[in-house]
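As a plain string of letters, each chain reads:
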Amino acid sequence: MTAEYKVHGDVAVITMSNPPVNGLGYATRVGITDGLAKALADAAVKAVVITGAGKAFSGGADIKEFGSPKALAEPNLLSVILALEASTKPLVAAIHSVCMGGGLELALGCHYRVAAPGTNVALPEVKLGLIPGAGGTQRLPRVLGVEAALNMIVSGEPVKSERLAGLPGQKLFDKMAASAESVLEEAIAFARDVAAKGGDLPLMRNLPCRHPQGDAYFQFAKNMVGGMSKNYPAPLKCVEAVQAATKMKFDEGMAFERQNFIGLMFTPESAALRHLFMAERAAGKIADVPDDTPQRAVKTVGVIGAGTMGGGISMNFLNAGIPVTILEMKQEALDRGVATIRKNYEAQVKKGKLKPEKYDERMALLKTTLSYDDLKDCDLIIEAVFEELGVKEKVFTQLDAVAKQGAILASNTSTLDVDKIAAFTKRPQDVIGMHFFSPANVMKLLEVVRGAKTGKDVLATVMSLAKKIKKTAVVSGVCDGFIGNRMIEQYSRQAGFLLDEGATPAQVDKAVEKFGFAMGPFRMGDLAGNDIGWAIRKRRSVEQPDMKYSRTADKLCELGRFGQKTGAGWYDYQAGKRDAIPSKLVEDMIAEHRKELGITPRKISDDEIVQRLVYALVNEGAHILEDGIASKASDIDMVYITGYGFPIFRGGPMHYASQQGLFNVVQAMQRFGRNPNDDASFWEPAGLIRKLAAEGKGFDQA
Ligand code: NAI
């Protein structure tokens, strides 16, 4: 049963019941129309109340039906709302907790609404690259006023019911209930009252809709969202749809809304946003670790190393109210680390992002120590010391000796073998990788590295802890670079080849930034420090001496041009400024290197630049799937969106490749493989890509 029907005296109650948020899936929609038909046929019933069971009125469309024919099967939401409007008996929505998207549109189709305080009310469709598609843009402005409604529709953000109830002249809520617990009872009483009074049943479609400034206001609103409309077309369509409500007859406005809703549904931008919405939820699901896997309690955290990462990692837990003890080798290092944390919080207070009393609360949760003994009661200990296996060995041996039974021992290593680290202890089941990204207090991504022996309860605990500290956690297997850095290495290699063949750093960066990346590879290198990649290449040259790569980046580092921190990198920088100024010296160095290689520079198109960089990610991503390092392509997309500035409206590298058509991707890879200045062996398309291309499928159908 996904909707229940019950008669309370002379009032029928239809209760949507489709956990977790009473999504309006097919069966629920049928349940509502069936319930309504029963109520209308029963002469003893004088009025009808619709409400939701459990923790929501309704969260809107049922995401389980996304993209399936069931989502549009009759009765679709529009038909359900038409049926409600046509009811000859008063219809009251009893709203509480969550009333969003289609759920709100359904409530807007009822004659009356009684709402509980604290209800989150929203039309969040814009976040999926859509506009509301069942009357939201036509009805909400009629009852809230054009501006308040448009703000909600364009932002997609929830607003509390009591705030909406306080808006002057609002007709959204006919009555505010005392509480979520009493809303049903109060709605039944309200329904009984209006039935007894008789008279016409109010319909929103009959209300006027206008803005005093008319088109001038809408022009202003269009200017506000116009800048982003190339990559995000939905907000502008939201404005147009609300404007239509002020200009057209109700049914024409509804048709305008529907047409634009369907048009947006087929845009690549909306497909990307819907993909990421699902990908984020899917990232938390691990096939062999069910949701009910027992978890360990994490009430106190230890962090070893108070450097760049240790400080940021600590802040995540302090922000979540979890006490942290940081351990270092020397008092000076501790003092420096704590001072950085303080400075970060102070900056937040100055910007008004953190209340001064919160600052004190957080700092009070922080303890420091030079002794491992002080970590013996910690439930989780995260190591963020130098990236050397020998140093990690020392740390984990000591941890094994002092940490309490059942403590989780995590490493923030970015390249080392987590299984080897686990083997330094007698409890490899308790060891896991927690790979944070810099700055660790800001970046959303957390790669959770599952070792060969990591316990399922340990994995489940860390995944749910990640949520608590507001990270997007993606599980990775053990390999060099895990998911994100293993892929970025191929991307960087391509960036180097492009320089050798005739591009400039600025041209490459601009092409990639035009594609939508937050930053191109060379500006990124200058920001992160070019010496990091240099160290990795030095190691690689020992491990894989045959790996082909451009030597330009090494030459840059040999000149001491590590990036912003040394005042010069791929670009020049003026003292105290971050603007990247193309460097004559670097361009000469690249030209000199081309000569040494005997390459005659050629003009390279922006399309080729973008394809080589992005498809390098895709091919390595496919190998990562084949190797079982990532369990699904959408996990790789989450890594790239949340950790590497990949454009959100493109949905991540794997989704983007699927949208381009994997057959076309294979063709492009083969073309790149024939370029003598590139690495032919790398461009052999991964077997998985070939297979999916042959079957006409994308990665999401693998
Ligand atoms: P860092 O050099 O800024 O900090 C390391 C800190 O560890 C130093 O303060 C040092 O005094 C301390 N330390 C070294 N040996 C120690 C020991 N035996 N006991 C206690 N403290 C010790 O290094 P960073 O950048 O914070 O990196 C730390 C770890 O995080 C490395 O494994 C690195 O690969 C990883 N990582 C770094 C990222 C970055 O962007 N910097 C990103 C993700 C991971």
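Residues numbered from 1 in each chain as written. Predicted model: local features only at pLDDT ≥ 70, side-chain atom pairs only at ≥ 80, totals over all residues.

1. Some points on the site of the ligand
As a matter of local geometry, the ligand sits amid 25 residues, with Gly305, Gly307, Met309, Glu387 and Ser438 nearest to it. Of the residues in the shell around the ligand, the class split is 13 nonpolar, nine polar and three charged. (Near = placed C-beta within 6 Å. Nonpolar A, V, L, I, M, F, W, Y, C, P; charged D, E, K, R; others polar.)

2. A word on the sheet that holds strand S13 (residues 380-383)
The mixed open sheet is built from eight strands, whose spatial order is S12-S11-S10-S13-S14-S15-S16-S17. Of all the strands in the sheet, the pair left with one neighbour each is strand S12 (366-369) and strand S17 (472-476). Each adjacent strand pair in this sheet contributes to an overall mean axis angle of 25 degrees, direction not counted. As paired strands, S13 and strand S14 (residues 408-411) are joined by four bridges and run parallel to one another. Within S14, the residue paired with glutamate 383 across the bridge is serine 411. (Pairing = 2+ DSSP bridges. Helix = DSSP H or I, 4+ residues; strand = E, 2+ residues; numbered from the N terminus. Axes fitted to C-alpha atoms, helices over the stretch in contact; angles between N-to-C directions.)

3. Structural notes on the packing of helix H24 (residues 606-626) against helix H28 (residues 687-694)
Between H24 and H28, the shortest axis-to-axis distance is 8 Å and the interhelical angle comes to 100 degrees. Between H24 and H28, the interaxial angle falls into the category roughly perpendicular. Between H24, through Asn619, Ala622, Leu625 and Glu626, and H28, the contact on the second element is made entirely by Gly687, Leu688 and Ile689. The residue makeup of the contact of H24 with H28, split by class, is four nonpolar, two polar and one charged. (Parallel < 35°, antiparallel > 145°, perpendicular 65-115°, else oblique. Contact = placed C-beta atoms within 7 Å.)

4. Thoughts on the UniProt feature "domain: 3-hydroxyacyl-CoA dehydrogenase C-terminal" (unreviewed entry) in the chain
Here, the residues flagged by UniProt with the feature "domain: 3-hydroxyacyl-CoA dehydrogenase C-terminal" (unreviewed entry) are residues 481-573. In residues 481-573, helix accounts for 62% and strand for 2%; the two terminal C-alpha atoms are 30 Å from one another. (UniProt positions renumbered as here; feature names shortened; annotations may be inferred.)

5. So, the sheet that holds strand S5 (residues 98-100)
In spatial order, the strands read S5-S7-S8; together these three strands make up an open sheet with mixed pairing. Whereas interior strands pair on both sides, the edge strands pair on one side only; in this sheet they are S5 and strand S8 (159-160). Relative to strand S7 (residues 120-122), S5 runs parallel, the two sharing three bridges. Paired with cysteine 99 across the strands is valine 121, a residue of S7.

6. Some points on helix H26 (residues 653-660)
Burial analysis of H26 places six of its eight residues in the buried class, which makes it a mostly covered element. Every buried residue belonging to H26 is among Pro653, Met654, His655, Tyr656, Ala657 and Ser658, and all of these are buried. Buried-residue contacts for H26 involve helix H11 (268-283), H24, helix H25 (633-643) and helix H27 (662-673). Looking at the residues trailing H26, positive phi occurs at glycine 661, about 95 degrees. (Buried ≥ 20, exposed ≤ 12 C-beta atoms within 10 Å, placed from the backbone.)

7. Observations regarding the nonpolar core
Residues Val49, Val92, Ile381 and Val448 are the most contacted members of the largest nonpolar core, which totals 196 residues. What valine 92 contacts, discounting residues up to four positions off in sequence, is Ala47, Val49, Cys110, His111, Tyr112, Val114, Ala187, Phe190 and Ala191. (Core = buried A, V, L, I, M, F, W, Y, C linked by C-beta atoms within 7 Å.)

8. Topic: unusual backbone geometry
Omega for the bond connecting proline 19 with proline 20 falls within 30 degrees of zero, at 5 degrees, which places this linkage in the cis form. The residue proline 20 is located in the loop between strand S2 (11-16) and helix H1 (26-41) in this model. Of note, the bond from glutamate 74 into proline 75 is cis; its omega dihedral lies within 30 degrees of zero at 0 degrees. Mapping proline 75 onto the fold places it in the loop between strand S3 (47-52) and helix H2 (77-85). Unusually for a residue other than glycine, asparagine 22 sits at a positive phi of about 55 degrees.

9. Considerations on the UniProt feature "domain: 3-hydroxyacyl-CoA dehydrogenase NAD binding" (unreviewed entry) in the chain
Per the UniProt record, "domain: 3-hydroxyacyl-CoA dehydrogenase NAD binding" (unreviewed entry) is annotated on residues 300-476. Secondary structure within residues 300-476 divides into 42% helix and 20% strand; the distance between the first and last C-alpha atoms comes to 25 Å.

10. Notes on the packing of H25 against H26
Packing of H25 against H26 brings their axes to within 7 Å, and their N-to-C directions diverge by 120 degrees. Relative to H26, the element H25 lies oblique. Taken together, the residues of H26 that come into contact with H25 (itself represented by Ala633, Ile636, Asp637 and Tyr640) are Pro653, Met654 and His655.

11. Examining the confidence of the model for the chain
Segments scoring low in pLDDT should not have their predicted coordinates read at a detailed level. The predicted model of the chain averages 96 in pLDDT, with 100% of residues at 70 or higher. For this predicted complex, the interface confidence comes out at an ipTM of 0.98, alongside a pTM of 0.93. (pLDDT = per-residue confidence, 0-100.)

12. A short note on the pairing of strand S11 (residues 324-327)
Neither face of S11 is open: one carries Val324 and Ile326, the other Thr325 and Leu327, and all of them are buried. Of the strand pairs in this sheet, strand S10 (residues 301-304) and S11 are connected by four bridges, and their pairing is parallel. Its bridge partner being in S11, glycine 302 is matched across the sheet by threonine 325. With respect to chirality, the unit in which S10 leads through helix H12 (residues 308-319) into the neighbouring parallel S11 is right-handed. Relative to S12, S11 runs parallel, the two being bridged by four bridges. Looking at S12, one finds that leucine 327 is bridged to threonine 369. (Right-handed = clockwise from strand over helix to strand, strands pointing away.)

13. Focus on H1
For H1, built from 16 residues, the straight-helix expectation of 22 Å at 1.5 Å per residue is met to within 8% by its first-to-last C-alpha distance of 23 Å. Every buried residue of H1 is accounted for by Thr28, Arg29, Gly31, Ile32, Gly35, Leu36 and Ala39. Viewed along the axis of H1, the buried residues span an arc of 155 degrees, placing them on a single side of the element. (Expected span 1.5 Å × (residues − 1). Arc of directions from axis to C-beta.)

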